[in-house]
Amino acid sequence: GVGGGGGGGGGGVFFLMIRRPPRSTLFPYTTLFRSQKLTIIIPAYRGVKQLGQCLSALKNSQYQHFNTIVVDHGEMDDISRFVAADFPDVIRLRGSSELWWSGATNLGIKHALDNNGQLVMLLNHDCFVRPETIGNLRSEEHTSELQSH
């Protein structure tokens, strides 16, 4: 379910789900699972065109119960301006170019968790998801959780 533009660095696809434990055990876990909103974090250093493809693919996802955070850790401000103009619903964080990928990712995760995020998915800016990908991941995660309880 994922394509990529290749390009720099390792050029990999990273799906990492970080689950914050439910705050309350008053409700069945499956009810809490269905209500947990996903936050997709995209660290971006360069590559406005590739980021545009990535964000457009997310916009066309069949599963829409998520927030998106782009962490701009480049030396120029073109990514932040592009995201603000073309994808105003996307949360933009500005980081230093000294953060590299891991620091930008950590900045996004911290922001998500500080704002009551419970599920986090990491996605490289030069990768894009097919319309069914996120829904399939959530469905598979839900099935795995039911089997383990």
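Above this text is the structure in question.
Residues numbered from 1 in each chain as written. Predicted model: local features only at pLDDT ≥ 70, side-chain atom pairs only at ≥ 80, totals over all residues. Heavy atoms only, no water.

Engineer: Residue-level account of helix α4 (residues 100-114), with values.
Structural biologist: The terminal C-alpha atoms of α4, which comprises 15 residues, lie 21 Å apart, in line with the 21 Å expected from a rise of 1.5 Å per residue. Residues Gly103, Ala104, Thr105, Gly108, Ile109 and Ala112 constitute the buried set of α4. Where α4 terminates, the next one or two residues include Asn116, which has phi positive at roughly 65°. (Helix = DSSP H or I, 4+ residues; strand = E, 2+ residues; numbered from the N terminus. Expected span 1.5 Å × (residues − 1). Buried < 20%, exposed > 50% of the residue type's maximum accessible area, 1.4 Å probe, protein only.)

Engineer: I'd like a rundown of the packing of aromatic side chains, residues and numbers included.
Structural biologist: Tallied over the full model, the rule gives one aromatic pair. Ring geometry for Phe82 and Phe87: centres 5.8 Å apart, planes at 65°, overall edge-to-face. There is no split in this pair, since Phe82 and Phe87 are both buried. (Phe/Tyr/Trp six-rings, centres within 6.5 Å; stacked < 30°, edge-to-face > 60°.)

Engineer: Tell me about the packing of helix α2 (residues 48-59) against helix α3 (residues 78-86), and name the residues and values.
Structural biologist: Interhelical geometry of α2 versus α3 gives an angle of 35° and a closest axis separation of 10 Å. Crossing hand, α2 versus α3: right-handed. Each of Val48, Leu51, Gly52 and Leu55 in α2 lies in contact with α3, whose residues at this interface are Asp78, Ile79, Phe82 and Val83. Across the contact of α2 with α3, the residue classes tally to six nonpolar, one polar and one charged. (Axes fitted to C-alpha atoms, helices over the stretch in contact; angles between N-to-C directions. Left-handed = near helix turned anticlockwise from the far one by under 90°. Contact = heavy atoms within 4.5 Å. Nonpolar A, V, L, I, M, F, W, Y, C, P; charged D, E, K, R; others polar.)

Engineer: Quick rundown of the pairing of strand β3 (residues 38-44)? Include the residues and the values.
Structural biologist: Taking burial as the measure, the seven residues of β3 include seven buried ones, the bulk of the element. Examined bridge by bridge, β3 and strand β4 (residues 66-72) share seven bridges and lie parallel to one another. Residue pairing across strands places Pro43 opposite Val71, the latter belonging to β4. Looking at chain direction, β3 and strand β6 (residues 119-122) are connected through four bridges and run parallel. Within β6, the residue paired with Thr39 across the bridge is Val120. (Pairing = 2+ DSSP bridges.)

Engineer: I'd like to hear about the nonpolar core, residue by residue, with values.
Structural biologist: Counting residues in each nonpolar core, the largest one holds 22 residues, and the members touching the most others are Ile40, Ile42, Leu51, Leu55, Leu58, Val70 and Val83. When residues in this core are grouped by element, the largest group, five residues, is from α2. Ile41, Leu93, Ala112 and Val120 belong to the second-largest nonpolar core, a separate cluster that totals nine residues. (Core = buried A, V, L, I, M, F, W, Y, C linked by side-chain atoms within 4.5 Å.)

Engineer: Account for the pattern of salt bridges, with residues named and values stated.
Structural biologist: In the structure shown here, the tally under the stated rule is two salt bridges. The shortest N-O distance in the salt bridge between Lys110 and Asp114 comes to 2.7 Å. Taken together, the residues Lys110 and Asp114, both in helix α4 and four residues apart, mark about one turn of the helix. (Salt bridge = Lys/Arg side-chain N within 4 Å of Asp/Glu carboxyl O.)

Engineer: Explain the state of the cysteines to me, using residue names and the numbers behind them.
Structural biologist: A complete count under the given rule lists zero disulfides for this structure. Among the cysteines around Cys54, which has no disulfide bond, Cys127 carries the closest sulfur, lying 7.3 Å off. Residue Cys54 is classed as buried on the basis of its relative accessible area, which comes to 1%. (Disulfide = S-S within 2.5 Å.)

Engineer: Quick one: what's the story with the layout of surface pockets, residue by residue and with numbers?
Structural biologist: Rolled over the atoms, a probe as big as a water molecule pinpoints where empty space is left. Taken as a whole, the second largest pocket spans an internal volume of roughly 310 Å³. Taken together, 13 residues form the lining of the second largest pocket, with Gln64, Phe66, Thr68, Asp89 and Val90 sitting closest to its centre. At the level of secondary structure, the elements contributing two or more residues to the lining of the second largest pocket comprise α2 and β4. Across the lining of the second largest pocket, the residue classes break down as seven nonpolar, three polar and three charged. (1 Å grid on protein atoms, 1.4 Å probe; cavity = no way out; pocket = protein on both sides within 12 Å on 5 of 7 lines; lining within 4 Å. Points joined across faces, edges and corners; volume = space filled by probe spheres on them.)

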